[in-house]
Amino acid sequence: MNTRLRLPHAPLMGVTALLVSGSAFSTPVCYQVGTDTATLGQRLIIDVVKEGKLANADKKETFPTKQTTYSADGKYVVFNPANLTDSPLMSPITGGVIVSAGKSTAGTQSVGSQAGLMVNNVKFFGCSSSTGVCNFQVPFDYECISSDVSPTPTSWTCNQFINTLKADATGAINKVSVNVQLTQVPNTGACRIFWNTETPNPPTPQSAGVRAQISLEEGLPAWLQGQKDLLPGYAEMPKQ
């Protein structure tokens, strides 16, 4: 007679789910974008979670490394260093990281990490009745590399793919690339900024087919008015 104790399936499933969810780690980190000036600061904060493996090490292969993927979600903030509460701008970030660790094959760059991040801007700053120009921010991207075998290295070397500051009369927006350095800093101060409107307006169709949330300021914050060319993803388009 088999007298082994049988536990109900439901609790075991619950314990298994708990163990699986607990095995994934989360690492929120904050990066300074480039070098802060006296008037404009930028931070990129991402929460990195392990997703799975792309490849296992095999000495017979051309690239004998362990490759692991991570999701990276967070926020991007632009702020006035003189006053962190002075109408900062914030947008969500989505993306991913791939880390390759192991023995590097001679003549290759097969060890390190690579990130692809998108800043999902949804800000519309209104159209000028006098000039007929509409000001807004659109999504821009970071393509980053590091020799560190970590999903959150101390620094990233990135291409920041942004939009030209002036769109032509056809409404075309051309991508340009700027090299920037992301340097990990303590997750305090400006990294903790959260921006939202008190009474968000629903999405409204705007000029040239742009659908965006209207900012309550109906324009850039006062501290940013004279330096809009420094604002990544900022574009001006003739009113259609």
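The shown structure was predicted, so the numbers you read here are calculated from the model rather than taken from an experiment. (Residues numbered from 1 in each chain as written. Predicted model: local features only at pLDDT ≥ 70, side-chain atom pairs only at ≥ 80, totals over all residues. Heavy atoms only, no water.)

Chemist: Tell me what's going on with the overall build of the protein chain, and back it up with residues and numbers.
Modeler: The number of helices and strands found in the protein chain is one helix and 13 strands. Secondary structure of the protein chain in N-to-C order comes out as α-β-β-β-β-β-β-β-β-β-β-β-β-β. Taking all 240 residues of the protein chain together, the buried fraction comes to 37%. Accessible surface for the protein chain amounts to roughly 13,400 Å². Of this, 57% is attributable to carbon and sulfur atoms. (Helix = DSSP H or I, 4+ residues; strand = E, 2+ residues; numbered from the N terminus. Buried < 20%, exposed > 50% of the residue type's maximum accessible area, 1.4 Å probe, protein only. Areas by Shrake-Rupley, 256 points an atom, 1.4 Å probe, with all protein chains shown as cover.)

Chemist: Tell me what's going on with the pattern of salt bridges, and back it up with residues and numbers.
Modeler: Close approach of charged atoms lets side chains of opposite charge pair. Here the structure, examined in full by the defined rule, presents two salt bridges. A salt bridge links E236 to K228; its shortest N-O distance comes to 2.6 Å. With relative accessibility at 9%, the residue E236 sits in the buried group. (Salt bridge = Lys/Arg side-chain N within 4 Å of Asp/Glu carboxyl O.)

Chemist: For the packing of aromatic side chains, give the residues involved together with the corresponding values.
Modeler: Enumeration over the complete set of coordinates arrives at three aromatic pairs. With a centroid separation of 6.3 Å and an interplanar angle of 35°, the aromatic rings of F125 and Y234 are classed as tilted. Taken together, the positions of F125 in strand β6 (residues 123–127) and Y234 in strand β13 (residues 234–238) put the pair 109 residues apart, joining distant regions of the chain. Using a relative accessible area of 3% as the deciding quantity, one classes F125 as buried. Aromatic rings pair up to connect Y76, F140 and Y142 into one cluster. (Phe/Tyr/Trp six-rings, centres within 6.5 Å; stacked < 30°, edge-to-face > 60°.)

Chemist: How would you sum up the nonpolar core? Please name residues and give values.
Modeler: Judged by nonpolar contacts, the single largest core of 32 residues is most densely connected at L44, I46, Y76, Y142, W156, L182 and L231. Those elements that provide at least two residues to this core are β1 (26–33), β2 (41–55), β3 (65–79), β4 (89–102), β5 (112–119), β8 (140–146), β9 (155–163) and β10 (175–185). Among the nonpolar cores identified, the runner-up in size contains nine residues, and F79, A190, I193 and W195 belong to it. (Core = buried A, V, L, I, M, F, W, Y, C linked by side-chain atoms within 4.5 Å.)

Chemist: Can you lay out the state of the cysteines for me, pointing to particular residues and giving the numbers?
Modeler: Here the structure, examined in full by the defined rule, presents two disulfides. Two residues share a disulfide in this structure: C30 and C191, whose sulfurs sit 2.0 Å from each other. Taking the torsion about the S-S bond as the criterion, the C30 to C191 disulfide, at about -80°, is left-handed. A residue pair is termed long-range when its members are at least 10 positions apart, and C30 in strand β1 and C191 in the loop between β10 and β11 (204–205) qualify at 161 residues. (Disulfide = S-S within 2.5 Å.)

Chemist: Summarise the side chain of K123; cite the residues concerned and give the values.
Modeler: Looking at where K123 falls in the secondary structure, it is placed in strand β6. Classification of K123 as buried rests on a relative accessible area of 5%. At 2.2 Å, the side chain of K123 and the backbone oxygen of M90 are in polar contact. (Polar contact = N/O pair within 3.5 Å; in protein donor to acceptor, adjacent residues only side chain to side chain.)

Chemist: Explain the environment of T69 to me, using residue names and the numbers behind them.
Modeler: Relative to the helices and strands, T69 is located in strand β3. In this structure the C-alpha to C-alpha distance between T69 and G96, which are 27 residues apart in sequence, comes to 7.2 Å. Sequence-distant contacts of T69, that is, excluding residues within four places in its chain, are made with K50, E51, G52, L54, V97 and I98. (Contact = heavy atoms within 4.5 Å.)

Chemist: Give a detailed account of the pairing of β6, specifying residues and quantitative values.
Modeler: Among the five residues in β6, four count as buried, and that is most of the element. Pairing of β6 with strand β7 (residues 133–137) involves two bridges; the strand directions are antiparallel. Bridged to F124 within β7 is F136. Hairpin geometry of β6 and β7 is characterised by an intervening segment of five residues between the two adjacent antiparallel strands and by a positive phi of about 70° at G132. (Pairing = 2+ DSSP bridges.)

Chemist: Outline the confidence of the model for the protein chain, supporting the account with residue identities and numerical values.
Modeler: Of all residues in the protein chain, 73% have pLDDT values of 70 or greater, and the mean over the chain is 78. For the stretch residues 3–24, pLDDT sits under 50, and the model shows three contacts to residues farther than four places along the chain or on other chains. Note that residues 199–203 has pLDDT below 50 and, in this model, seven contacts with residues that lie over four places away or in other chains. (pLDDT = per-residue confidence, 0-100.)

Chemist: Requested: an account of unusual backbone geometry, with residues and values cited.
Modeler: Phi is positive for S87, which is not a glycine, with a value near 50°. Positionally, S87 belongs in the loop between β3 and β4. The exposure class of S87 is partly exposed, given its relative accessible area of 26%.

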